[in-house]
Structure formats: structure tokens, C-alpha cells
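Residue-level listing of the chains:
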Amino acid sequence: VAITTRLLVSHLSGIRHYEKDITKVKEEKEKANRAFKLTKPYQDKEQKEKEGKGVEKTDSVKPRKEHEGEVKSRNSKPGRRDKEFEQEEYYLKEKFESVIESLKIFKNDPLFFKPGDQFLYSTYGFTLLSAVVERVSGQKFTDYMLKMFHDLDMLSTVLDDNEAMIYNRARCYVYNKKGRLVNAPYVDNSYKWAGGGFLSSVGDLLKFGNALLYSYQAGQFKNTNGKLLPGYLKTDTVAMMWTPVPKTEVSWDRDGKYAMAWAVVEKKQQYGCCRQQRHYASHTGGAVGASSVLLILPEELDSEAIDTGLVAPPRGVIVSIICNMQSVSLNSTALKIAREFDKEKWAQ
């Protein structure tokens, strides 16, 4: 078989995640699908009742267990442990000097399916991607990324290196079996820099989101008389990254599909004066003792703004949340916040 970088970045490669037993992976997926089918009729009924009463719907997201340990926070009690974080490889303490060296963890394991046939979120798929970057660039992946963060003015984004002195590094927490908060255990993330090995701040993630949104919109604006600087990425590149890929799925929003390293919900409205699905891109993060989300809700630009150049990108709402606690569901909260700011802007 052949595995391309496009398959890796959309989690269609067949490379395993933390669970090595494909039977268990299939069982968990079937359980999740059954649970969704059971709850969907009630969700649809509730939505119709709201629409019938003229109640404004503010949240279309139904949170589910996320790719790296995110759980339902609405209906779960504090201290509920997530099975995802019972996988031993989350707690590796071995130090790897390069991402190519860390490939030994999974390089001899069988693929779960033929590349391109199915979707399976895989942190190790991104480890392989980082090895590709390392070979193509001719420099260490970590050096390559830190140079990029510098270009983006993300000066607080660094490697989660246990030995380094990092100013204002937060302490992370988990719930134990008795439902009590305890300090997160020691881990070394050098085996997965690309899939969960960087520390950042809310401010830096907002800069990252703005840079992407600017790149996405810059090519749409006309008549700027050359005053508009180019984006960090080409407009077509970001559009490609935010285009849903067939056969993919998103656990944290059933309306979405996975694209290229992003989950994307497309603009959609089936009926007048009914539920409107806005276009947005997001991604959550889960690690031992931490949870995060970055959500980008682009503004729906009218032709006058684009043609006259009366406004300049980035136009939209970006929400970043970082929580120093494990297994916290954040995407639906971020979407609510984005919609409130978007609604307030249009009200003005």
C-alpha cells in the first residue's frame, strides 16, 4: 500500500492510535454510533419544539467523546475517568532525540485498514508527518516549528520539555478514581511533538487563528491598492485545509467532517427561518492533565465589503480556551462564545 501526506493529515492512513487492538477500536466506535442514534430522535424533537415556540437556538453541537480523551461534560460527574487515558502509551517517560527515532514505537505494527478506506484519529500519523518535515527540511522538526512560531509572533509557544525552565508554566491536574483532583503524572512528550508536545498561551493561539483567518480571507478582498500584505499562507492553501475530506468524521461535532488537520462544519440551511449552520473550523486538544480548543468562525463577507475594500481581514471571531485539567469538553463552549460575539457584532 501507499500512504501519502494527505492521508496522514486527514487521519485516513490506517496507522493506529494509542489502542493496539483493532477489535476494541471497532467496538468503541459501534457503541458511540449506537448512542448517537438513540439520542438523535430526542435532540431533533427538542429542536422542533424550540423552533415551534420561536425560541432562538444558540448551540447545535452535541459533544461526544473526543479523539484524545474529551468527554461529555454536561452529563458526566466530576471525576469520571476517560477510557482513552487508560492507554499506557499516554504515560511514556522515554526521551527521544528526534521524531524519526520515535517512529520505533509503532513502525512495525500492522495497519488497521487499507490507507484511504476509513477514518481513524491517529496521533502517530502526525508523528510520521513530523518525520517527513524533518527529512524534507533537513533540520530537526522542533527547530523548524520554533522558527515558524517566531514568524507568527507566537513567542510564548515552546516545547513541553520537562527539563527546561519555562516561565509561567502551569501545573496540570487530573481526577483520580475517587473523583478528587490530583497532580497529573510525569510524562515525556518527545514521542509526539506534532500531536501534543507544545505548550502555548491563549494569546498565542489567538495570533495563530488570526494568521490563518487573514490568509483565508486576504485573497477575497479587491481594490485594496496594494495596501494589503499577503497572508502567511496562500488563500487557496487555507481553503484546501478547510475543505471536508470524504470518509472522515468528527467526534466533537456531528455536523462536521475532518479536513486537513482541522475539523470543519460547512455552511448549510435547509429551511427558511429554521436552523442555520455556520461555516467554522476548530480543533480540540487533550493530553495528560490538559485540554484545549481553538475555533475560527469566519465572518460572512458581503460583496460590497469585498469589492470596495472598506474593511480589511481578518474578519470573524476566534475563540481559544486552554484548561490545565484533563478530559474537559470545550468545543461546544467555544462555539457558544463565538456565536455570542458574532451576534453582538451584527446587533451593532
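Preceding this paragraph is the structure being described.
Residues numbered from 1 in each chain as written. Predicted model: local features only at pLDDT ≥ 70, side-chain atom pairs only at ≥ 80, totals over all residues. Heavy atoms only, no water.

Q: For this particular structure, what's the right way to read unusual backbone geometry?
A: Trans peptide bonds make up the majority, and among non-glycine residues the majority have a negative phi. A cis amide bond, omega 0 degrees, links Pro313 with the succeeding residue Pro314. Topologically, Pro314 is positioned in the loop between helix 8 (303-308) and strand 9 (316-323). Of note in the backbone geometry, Asn168 takes a positive phi value of approximately 65 degrees without being a glycine. You can see Asn168 is positioned in the loop between strand 1 (158-159) and strand 2 (173-175). (Helix = DSSP H or I, 4+ residues; strand = E, 2+ residues; numbered from the N terminus.)

Q: What is the right way to read the sheet that holds strand 6 (residues 263-265) from this model?
A: Paired through backbone hydrogen bonds, the strands of a sheet run either parallel or antiparallel to each other. Spatially, the five strands line up as an open sheet ordered 5-6-7-8-9, and their pairing is antiparallel. Of all the strands in the sheet, the pair left with one neighbour each is strand 5 (257-258) and strand 9. Along the sheet, helix 6 (residues 202-218) contacts strand 8 (290-298) and strand 9; its crossing angle with strand 9, the most-contacted strand, is approximately 150 degrees. (Pairing = 2+ DSSP bridges. Contact = heavy atoms within 4.5 Å. Axes fitted to C-alpha atoms, helices over the stretch in contact; angles between N-to-C directions.)

Q: Is there a simple way to think about the environment of Lys345 in this case?
A: Among the structural elements, Lys345 can be located in helix 9 (residues 331-347). Judged by relative accessible area, Lys345 falls into the partly exposed class, the value being 32%. Along the sequence, Lys345 and Val317 sit 28 residues apart, while their C-alpha atoms lie 9.8 Å from each other. (Buried < 20%, exposed > 50% of the residue type's maximum accessible area, 1.4 Å probe, protein only.)

Q: Where do I start with helix 9 in this structure?
A: Helical periodicity: at 3.6 residues per turn, an α-helix aligns residues three or four positions apart in one direction. Over its 17 residues, helix 9 runs 24 Å from end to end, which matches the ideal 24 Å to within 8%, given 1.5 Å per residue. Among the residues of helix 9, those classed as buried are Asn331, Ser332, Ala334, Leu335, Ala338 and Asp342. Down the axis of helix 9, the sector holding all buried residues measures 155 degrees, keeping them to one side. Pointing more than 90 degrees away from the buried face of helix 9 are the exposed residues Phe341 and Ala347. Of the surrounding secondary structure, the elements contacted by the buried residues of helix 9 are strand 7 (280-287), strand 8 and strand 9. (Expected span 1.5 Å × (residues − 1). Arc of directions from axis to C-beta.)

Q: What is the right way to look at the pattern of salt bridges in this model?
A: Oppositely charged side chains are able to pair whenever their charged atoms sit close together. For the coordinates displayed, the defined rule picks out 14 salt bridges. Notably, a salt bridge pairs Arg275 with Asp255, separated by 2.4 Å at the nearest N-O pair. Note that Arg275 is positioned in the loop between strand 6 and strand 7 and Asp255 in the loop between helix 7 (235-241) and strand 5, a separation of 20 residues in sequence. Judged by its relative accessible area of 26%, Arg275 is partly exposed. We note a salt bridge from Arg278 to Asp342, for which the minimum N-O separation is 2.7 Å. You can see Arg278 sitting in the loop between strand 6 and strand 7 and its partner Asp342 sitting in helix 9, a full 64 residues away along the chain. Judged by relative accessible area, which is 14%, Arg278 ranks as buried. Its relative accessible area of 8% is what places Asp342 among the buried residues. A single salt-bridge network, built from bridges that share partners, covers Arg16, Lys20, Glu89 and Asp109. (Salt bridge = Lys/Arg side-chain N within 4 Å of Asp/Glu carboxyl O.)

Q: Hey, could you run me through the pairing of strand 9 in this one?
A: Within a regular beta strand, the side chains point alternately toward one face of the sheet and then the other, so they alternate between its two faces. A large share of strand 9 lies buried, amounting to six of its eight residues. Note: strand 8 against strand 9, eight bridges, orientation antiparallel. Note on strand 9: the bridge partner recorded for Val293 is Ile321.

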